[in-house]
Amino acid sequence: MPVRKTALPLLLAATAVLALCACPRGALAADPLPPLGTESGKTSVSGLSSGAYMAGQIQLAHSKDIIGAGLVAGGPHGCAETEASLSLPFWPTAVVQNTAQALKSCMRTEWGAPDAAERVKRAKALAEKGDIDPLAGLANDKVYLFSGNEDETVKRAVVEAAKAFYEQAGVPAASIALVEREGGHAFLTETGGGACGVSTSPYLSDCDYDQAKAILEWIYGPLAATPEAPKGKFIPFDQNEYSDPGDGFADEGVVYVPETCAAQAGCRLHIVLHGCEQSRETVGDEFIKASGFAELADANRLVVLFPQISARTINPKGCWDWWGYTGLDYLGKDAPQIAAIWAMAEGLAKAP
């Protein structure tokens with residue numbers, strides 16, 4: 001596919017920032033992740049927007065160990081990857097073509113909705129090469145998908161393509177929930193955030209809907225009643241241990257550890273991935289503390305990991321890499337962001 005005119009300014013910008021991969025990181029800001037003995041075979045992942053795309057990438061890369069995923073305003077795995085980026089894998093030309101496809105087919109649909117069958121074909125090819133786990137690992141997964149009626153950022157057809165992808169990839173139809181209801185481009189809560197249907201920072205909306213609970217219950221089954229406020233600890237940790245300067249991570253991530261999980265090993269792990277312009281450096285701890293995951297974690301022996309991306313010139317909105325800005329190998333187990341997050345999960349699984 002030739003470079004479209006709309007993508008040429010992005011090509012120039014990308015070329016100018018190639019040297020950013022060597023940017024220095026800040027000084028050590030926090031302690032390492034605590035070893036908690038989490039049960040690795042009961043790990044799940046969810047995210048909003050770019051976090052939804054990354055959640056799907058992590059799920060497929062490690063489907064043997066992931067038991068479910070929640071994608072809020074996200075499309076099918078590998079959606080932004082173009083044929084041109086595979087046939088002529090030259091960065092930044094290829095990543096700019098991916099960027100154009102991400103905008104025109106994986107968020108809006110001017111170029112048509114994503115082709116689920118093509119995405120499944122590509123995922124199978126990655127699995128055959130050993131870049132991701134075999135798709136058979138998806139057979140027992142639970143998948144939660146969400147599209148808001150007022151979401152103009154990621155169109156419903158894109159989320160519907162994600163549903164088709166999972167069905168064709170081997171997830172039973174009964175294990176896929178596609179929720180379509182009032183809501184903008186945001187993570188929904190029962191009481192916190194902005195007005196329902198509004199897509200503005202911090203991208204939390206009071207829609208009288210506990211989306212964190214909906215995701216976790218779909219994946220894990222019925223949950224115990226939650227306390228009024230979290231009683232565990234939000235622990236900042238050093239992300240530099242898990243990533244290189246060009247990988248896009250902030251210096252610090254956060255892990256929420258309930259008192260019961262600090263005292264006894266065997267808790268489950270849920271990984272939560274913020275959306276663009278929703279990281280700590282942009283909205284503080286609002287998404288981490290107001291999304292509702294921590295309250296649910298206390299009563300249900302769940303550790304909740306909140307990795308964090310930092311905005312850079314090449315990634316000004318602080319998005320997760322679902323189009324190749326860290327390099328064209330961004331979908332496999334060895335992709336910089338997937339490998340780093342999985343190393344965090346393995347660190348939490350170590351015996352205390």
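Residues numbered from 1 in each chain as written. Predicted model: local features only at pLDDT ≥ 70, side-chain atom pairs only at ≥ 80, totals over all residues. Heavy atoms only, no water.

Looking now at empty space enclosed by the protein. Per the stated rule, a full pass over the model turns up two cavities of 30 Å³ or more. For the second largest cavity, the calculated volume is near 30 Å³. Considering the residues around the second largest cavity, the lining is formed by Ala-52, Tyr-53, Gly-56, Leu-71, Gly-75, Pro-76, His-77 and Tyr-166. In terms of residue count, the dominant contributor to the lining of the second largest cavity is helix α2 (residues 50–61) (three residues). (1 Å grid on protein atoms, 1.4 Å probe; cavity = no way out; pocket = protein on both sides within 12 Å on 5 of 7 lines; lining within 4 Å. Points joined across faces, edges and corners; volume = space filled by probe spheres on them. Helix = DSSP H or I, 4+ residues; strand = E, 2+ residues; numbered from the N terminus.)

Here we take up the sheet that holds strand β7 (residues 204–206). If you trace the three strands from one edge of the open sheet to the other, you get β5-β7-β6, paired in parallel fashion. Unpaired on one side and paired on the other, β5 (187–189) and β6 (194–195) mark the two borders of the sheet. Inspection of the sheet shows β6 paired to β7 by two bridges, in the parallel sense. Opposite Gly-194, over in β7, you have Ser-205 as the bridge partner. (Pairing = 2+ DSSP bridges.)

Attention now goes to the confidence of the model for the chain. Mean pLDDT over the chain: 92, with 92% of residues reaching 70 or higher. Contacts for the low-pLDDT stretch residues 1–28, under 50 throughout, to residues beyond four places or in other chains number 41 contacts. (pLDDT = per-residue confidence, 0-100. Contact = heavy atoms within 4.5 Å.)

On to the packing of aromatic side chains. Tallied over the entire structure, the rule returns 10 aromatic pairs. Ring geometry for Phe-237 versus Tyr-242: centroids 6.5 Å apart, planes at 80°, classification edge-to-face. Tyr-242 carries the same exposure label as Phe-237, and that label is buried. Taken together, the ring pairs in this structure connect Tyr-53, Trp-322, Trp-323 and Tyr-325 into an aromatic cluster. A cation sits over an aromatic face here: Lys-142 above Trp-218, 5.2 Å from the ring centre. Over the aromatic face of Tyr-220 sits the side chain of Arg-268, whose NZ or CZ is 4.6 Å from the ring centroid. (Phe/Tyr/Trp six-rings, centres within 6.5 Å; stacked < 30°, edge-to-face > 60°. Buried < 20%, exposed > 50% of the residue type's maximum accessible area, 1.4 Å probe, protein only. Lys NZ or Arg CZ within 6 Å of the ring centre and 35° of its normal.)

It is worth spelling out the state of the cysteines at this point. Summed over all chains, the structure comprises four disulfides. Here Cys-79 engages in a disulfide with Cys-106; their sulfurs sit 2.1 Å apart. Because the torsion about its S-S bond is -100°, the bridge between Cys-79 and Cys-106 counts as left-handed. A residue pair is termed long-range when its members are at least 10 positions apart, and Cys-79 in the loop between β2 (66–72) and α3 (83–87) and Cys-106 in the loop between α4 (93–105) and α5 (116–128) qualify at 27 residues. (Disulfide = S-S within 2.5 Å.)

Inspection of the entire model under this criterion finds 11 salt bridges. Taking the shortest distance from any N to any O, the salt bridge between Lys-163 and Glu-167 comes out at 2.6 Å. Here Lys-163 pairs with Glu-167, and both are found in helix α6 (residues 156–169), just four residues apart, close to one helical turn. You can call Lys-163 partly exposed: its relative accessible area is 26%. For Asp-285, the salt bridge goes to Arg-280, with nearest N and O atoms at 2.9 Å. By relative accessible area, which is 23% here, Arg-280 ends up partly exposed. Connected via shared salt-bridge partners are Glu-81, Arg-119 and Arg-122. (Salt bridge = Lys/Arg side-chain N within 4 Å of Asp/Glu carboxyl O.)

This part takes up the side chain of Asn-300. Looking at where Asn-300 falls in the secondary structure, it is placed in helix α11 (residues 293–300). According to the relative accessible area criterion, Asn-300 is buried, its value standing at 9%.

Approximately 260 Å³ is the volume found for the second largest pocket. Around the second largest pocket, the lining comprises 13 residues; the ones closest to its centre are Glu-190, Thr-191, Asp-210, Gly-292 and Glu-295. If you list the elements that add at least two residues to the lining of the second largest pocket, you get α10 (286–290) and α11. Per-class residue counts for the lining of the second largest pocket are two nonpolar, six polar and five charged. (Nonpolar A, V, L, I, M, F, W, Y, C, P; charged D, E, K, R; others polar.)

This part takes up α4. With 13 residues, α4 should reach 18 Å at 1.5 Å per residue; the first-to-last C-alpha distance of 18 Å fits that figure. Counting buried positions along α4 gives 10 out of 13 residues, so the element sits mostly inside the fold. Within α4 the residues assigned to the buried category are Ala-94, Val-95, Val-96, Gln-97, Asn-98, Thr-99, Ala-100, Gln-101, Ala-102 and Ser-105. (Expected span 1.5 Å × (residues − 1).)

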